[in-house]
Amino acid sequence: MSELFALLAALLIHELGHLLAARALGIPLIRFRLTPMGGVMTFDFSGTAYLKEAAVHLSGPLAGLISGGIAAILSADPFFSGISVVLACVNLLPIRGLDGGGILRCVLSRFLFPDTVWRICGILSAAGVLLLWTAVLWIELRVTANLGLAAFAAALLLNETKERTP
């Protein structure tokens, strides 16, 4: 399996995980669009319990971990296994715009006021982007130059620096 095909398959499985969970929970899909950072699905979470919304966020990374694990057990394409697991783990970081940021917001929203949730998520998101940037810089300098990884980290940084309102 070529690396590009493996990456596209991992991204598709990730997005299908979200879609299947949303359908199972009765949450309608409003829009799907492709961006340089992957697919973006917009669901209508209005009137949806926070834990159901968190389950939809979690389902994409979970689908990736399961498919990557199965591929590893079956000794299938090692690149697909690795990229599926890495995609899942990166998406679980508590960064706004990623699944981990959505999960964190949903869980905190069950217990705290919205402005407090927004502040906590903002601080953890900024720390997550800083940590990710540090890791990318280390990889770039020590291991190998990877412009795709640097572009992904730059997109997250730009997303984090945009002015946001709760």
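Conventions and cut-offs
Residues numbered from 1 in each chain as written. Predicted model: local features only at pLDDT ≥ 70, side-chain atom pairs only at ≥ 80, totals over all residues. Heavy atoms only, no water. Helix = DSSP H or I, 4+ residues; strand = E, 2+ residues; numbered from the N terminus. Buried < 20%, exposed > 50% of the residue type's maximum accessible area, 1.4 Å probe, protein only. Contact = heavy atoms within 4.5 Å. Areas by Shrake-Rupley, 256 points an atom, 1.4 Å probe, with all protein chains shown as cover. Salt bridge = Lys/Arg side-chain N within 4 Å of Asp/Glu carboxyl O. Axes fitted to C-alpha atoms, helices over the stretch in contact; angles between N-to-C directions. Parallel < 35°, antiparallel > 145°, perpendicular 65-115°, else oblique. Left-handed = near helix turned anticlockwise from the far one by under 90°. Core = buried A, V, L, I, M, F, W, Y, C linked by side-chain atoms within 4.5 Å. Nonpolar A, V, L, I, M, F, W, Y, C, P; charged D, E, K, R; others polar.

1. A few points about the overall build of the protein chain
Secondary structure summary: the protein chain contains six helices and two strands in total. Its helices and strands in sequence order give the protein chain the pattern α-β-β-α-α-α-α-α, from N to C terminus. Looking at the protein chain as a whole, 35% of its 166 residues qualify as buried. For the protein chain, restricting intrachain contacts to residue pairs at least 6 apart in sequence, the fraction spanning at least 24 positions comes to 56%. As displayed, the protein chain has an accessible area near 10000 Å², and 71% of this comes from carbon and sulfur atoms.

2. Here we look at the pattern of salt bridges
Scanning all chains against the criterion turns up two salt bridges. One salt bridge connects Arg-105 with Glu-53, and the closest N-O pair in it is separated by 2.4 Å. Placement of Arg-105 in helix α4 (residues 99-109) and of Glu-53 in helix α2 (residues 50-73) is noted, with a sequence separation of 52 residues between them. Judged by relative accessible area, Arg-105 falls into the partly exposed class, the value being 26%. The salt bridge partner of Asp-115 is Arg-119, with a shortest N-O separation of 3.7 Å. Taken as a pair, Asp-115 and Arg-119 lie in helix α5 (residues 114-143) at a separation of four residues, close to a single helical turn. The class for Asp-115 is partly exposed, based on a relative accessible area of 40%. On the accessibility criterion, Arg-119 (53% relative accessible area) is exposed.

3. So, the packing of α4 against α5
In helix packing, the relevant descriptors are the interaxial angle and the interaxial distance, both defined with respect to the helix axes. With their axes 10 Å apart at the nearest point, α4 and α5 run at an angle of 150 degrees to one another. By the criterion of interaxial angle, the relationship of α4 to α5 is roughly antiparallel. Regarding α4 and α5, the two cross each other, and that crossing is right-handed. Contacts between α4 and α5 pair Leu-104, Arg-105, Leu-108 and Ser-109 from the former with Val-117, Ile-120, Cys-121 and Leu-124 from the latter.

4. Examining the nonpolar core
Counting eight residues, the largest nonpolar core consists of Val-90, Ile-95, Leu-98, Val-129, Leu-132, Val-136, Ala-153 and Leu-156. If one sorts the elements of this core by residue count, α5 sits on top with three residues. Apart from residues lying up to four places away in sequence, Val-90 is in contact with Leu-98 and Phe-152. Counting residues in hydrophobic clusters, the runner-up holds seven residues, among them Ala-21, Ala-22, Phe-43 and Val-56.

5. What about the packing of α2 against α4?
At their nearest, the axes of α2 and α4 sit 9 Å apart, and the two run at 160 degrees to each other. The angle between α2 and α4 places the two elements in the roughly antiparallel class. By crossing handedness, the relation of α2 to α4 is classed as left-handed. Contacts between α2 and α4 involve Tyr-50, Glu-53, Ala-54, His-57, Leu-58 and Pro-61 on the former and, on the latter, Asp-99, Gly-102, Ile-103, Arg-105, Cys-106 and Ser-109. Split by residue class, the contact of α2 with α4 holds six nonpolar, three polar and three charged.

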